[in-house]
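# Commentary on secondary and tertiary structure
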Amino acid sequence: MTIKAFVEQEKKTLKTKLSSFSTQPHLVIIQANENEGSNIYIRGKIQDCEDVGIKATHVRYPITITQNDLLKEIQRFNEDDSVDGLLVQVPLPEGMDSKMIREAILPQKDVDGFHPLSSMMACTPKGIIDYLHAENFSFNGKHAVVIGRSFIVGKPLASALLEKDCTVSILHSKTDLLTKHALLASADLICVAVGKKWFLSDEKIKPSAILVDVGINREDGTLFGDIKPGRHAALQTPVPGGVGLLTRLSLLKNVVEAFEKRQSRS
Ligand code: NAD
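Cut-offs used in this document
- Residues numbered from 1 in each chain as written.
- Predicted model: local features only at pLDDT ≥ 70, side-chain atom pairs only at ≥ 80, totals over all residues.
- Heavy atoms only, no water.
- Pairing = 2+ DSSP bridges.
- Helix = DSSP H or I, 4+ residues; strand = E, 2+ residues; numbered from the N terminus.
- Axes fitted to C-alpha atoms, helices over the stretch in contact; angles between N-to-C directions.
- Contact = heavy atoms within 4.5 Å.
- Core = buried A, V, L, I, M, F, W, Y, C linked by side-chain atoms within 4.5 Å.
- Buried < 20%, exposed > 50% of the residue type's maximum accessible area, 1.4 Å probe, protein only.
- Domains from an automatic or database assignment.
- Phe/Tyr/Trp six-rings, centres within 6.5 Å; stacked < 30°, edge-to-face > 60°.
- Lys NZ or Arg CZ within 6 Å of the ring centre and 35° of its normal.
- Near = heavy atom within 4 Å.
- Polar contact = N/O pair within 3.5 Å; in protein donor to acceptor, adjacent residues only side chain to side chain.
- Nonpolar A, V, L, I, M, F, W, Y, C, P; charged D, E, K, R; others polar.
- Parallel < 35°, antiparallel > 145°, perpendicular 65-115°, else oblique.

## Side note on the sheet that holds strand 1 (residues 26-31)
As summarised here, the arrangement of the 3 strands in space is 2-1-3, forming an open sheet in which the pairing is parallel. Both edges of this open sheet fall to strand 2 (55-60) and strand 3 (85-88), since each of them pairs with a single strand only. Sheet twist, expressed as the average angle between the axes of neighbouring strands with direction ignored, equals 15°. Strand direction decides the pairing type here: strand 1 and strand 2, joined by 6 bridges, are parallel. Its bridge partner lying in strand 2, isoleucine 30 is registered against valine 59.

So, in structure tokens, the structure goes:
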């Protein structure tokens, strides 16, 4: 199934599930930047929420807001019982401690899944795992190579694949070429999250490998992935229309998860 079709099907399921509740889940999106990319991402998130029946509130602060004031605002939404999910859109104003801001969000409202105590999985890894499940990928004992070790994608993805009993190799900027080529040649699953256009291009891979392209690289208004298109593989996710859609879907699922947990507590 294409990612687009998978996402549409999953969104329909969420919509049906939410129609059985008498209240809507509520997501608050905090923005303290004037970044056009952020505006586009937020518009997409609000549209996704509308599509499935989640209430989304977009709260904007001036870029001059102090870290203390932003932390106070996060606290206010943490204490607001009508809010199920809370996220702060990046980039943050310059000089802010991103870890402190991220970790100020209550773990049970942390729908981005960035808080170390969050019960929710980070959105990009979650989307990838869910899609691979839908594609009947049998994780057990498979060799998965993750390229990139960021806390948003690489590390949580590697750890999620490990949880699924894959044998996981993590490649990063200090991995030597010989090791890289040897690991890629034996990989059943290759996930690339580096942020460099066509980082994976002509390296030897198994024709049965599954290629997951996380990268989003903009050049002259066109989007490129981290993997050169058209590799000879069992499956290669496209860019655009690939992992980005899965990430958006996971945010909706995390909001619904936070909402259902709150419903069961009240
Ligand atoms: P990041 O810059 O935080 O991390 C990049 C990682 O790549 C680092 O861990 C680094 O070690 C590794 N790296 C750099 N050069 C390398 C090399 N030569 N060999 C091996 N590894 C190397 O980036 P990120 O936040 O993880 O994002 C990566 C890409 O994924 C970006 O293009 C970003 O825009 C995209 N992204 C997409 C989604 C989505 O939903 N599709 C979500 C998050 C990030």
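On we go from here.
## Concerning the sheet that holds strand 10 (residues 235-236)
Reading across the sheet, the 5 strands line up as 5-4-6-7-10 and stay open at both edges, with parallel pairing between neighbours. At either margin of the open sheet sits one strand with a lone partner, and together these are strand 5 (167-171) and strand 10. Looking at chain direction, strand 4 (residues 143-147) and strand 5 are connected through 5 bridges and run parallel. Each residue of the ladder has a partner; that of valine 145, found in strand 5, is serine 169. Strands in contact with helix 6 (residues 154-163) are strand 4, strand 5 and strand 6 (189-192); relative to strand 4, the strand with the most contacts, it is inclined by about 170°.

## Examining unusual backbone geometry
A cis amide bond, omega 0°, links valine 90 with the succeeding residue proline 91. Inspection of the secondary structure puts proline 91 in the loop between strand 3 and helix 4 (98-104). Residues valine 239 and proline 240 are joined by a peptide bond in cis, for which omega reads 0°. Residues other than glycine seldom take positive phi values, yet aspartate 165 does so here, at roughly 70°. Within the secondary structure, aspartate 165 is located in the loop between helix 6 and strand 5.

## As for the nonpolar core
With 45 residues, the main nonpolar core has Leu27, Ile54, Val111, Leu132, Leu161, Leu189 and Val212 as its most contacted residues. Sort the elements by how many residues they give to this core and helix 8 (residues 243-265) lands first, with 9 residues. Formed jointly, this core draws a minimum of three residues from each of two domains, domain 1 (17-111) and domain 2 (123-245). Non-local contacts of leucine 27, meaning those with residues more than four positions away in its chain, are made with Cys49, Ile54, Lys55, Ala56, Thr57, Gly85, Leu86, Leu87, Val111, Leu251 and Val255. With 17 residues, the next largest nonpolar core counts Ile65, Leu70, Phe77 and Leu92 among its residues.

## Here's the deal with the packing of aromatic side chains
Applying the stated criterion to the full structure yields 5 aromatic pairs. Seen from their ring centres, phenylalanine 114 and phenylalanine 151 are 5.6 Å apart, and the 70° between their planes marks the pair as edge-to-face. Residue phenylalanine 114 is found in the loop between helix 4 and helix 5 (123-134), and its partner phenylalanine 151 is found in the loop between strand 4 and helix 6; the two are separated by 37 residues along the sequence. In this structure, arginine 76 packs its charged tip against the face of phenylalanine 77, placed 4.6 Å from the ring centre. In this structure, lysine 197 is placed above the aromatic ring of tryptophan 198, and the distance from its NZ or CZ to the ring centre is 4.7 Å.

## Thoughts on the site of the ligand
Lining the immediate environment of the ligand, one finds 20 residues, of which Arg149, Ser150, Val214, Ile216 and Thr247 sit closest. With respect to the ligand, the backbone of isoleucine 216 contributes an N or O atom lying 3.0 Å from an oxygen atom. Here the shell around the ligand takes 3 residues from helix 8, the largest share from any one element. Taken together, the residues of the shell around the ligand break down into 8 nonpolar, 10 polar and 2 charged.

## Here's the deal with the packing of helix 5 against helix 8
How two helices sit against one another is set out by the angle between their axes and by the gap between those axes. Two elements in contact, helix 5 and helix 8, have axes whose closest approach is 7 Å; the angle formed by their N-to-C orientations is 105°. The pairing of helix 5 with helix 8 is recorded here as roughly perpendicular in orientation. Of the residues in helix 8, those touching helix 5 at Cys123, Thr124, Lys126, Gly127, Ile128, Asp130 and Tyr131 are Val243, Leu246, Thr247, Ser250, Leu251, Lys253 and Asn254. Considered class by class, the residues forming the contact of helix 5 with helix 8 number 6 nonpolar, 5 polar and 3 charged.

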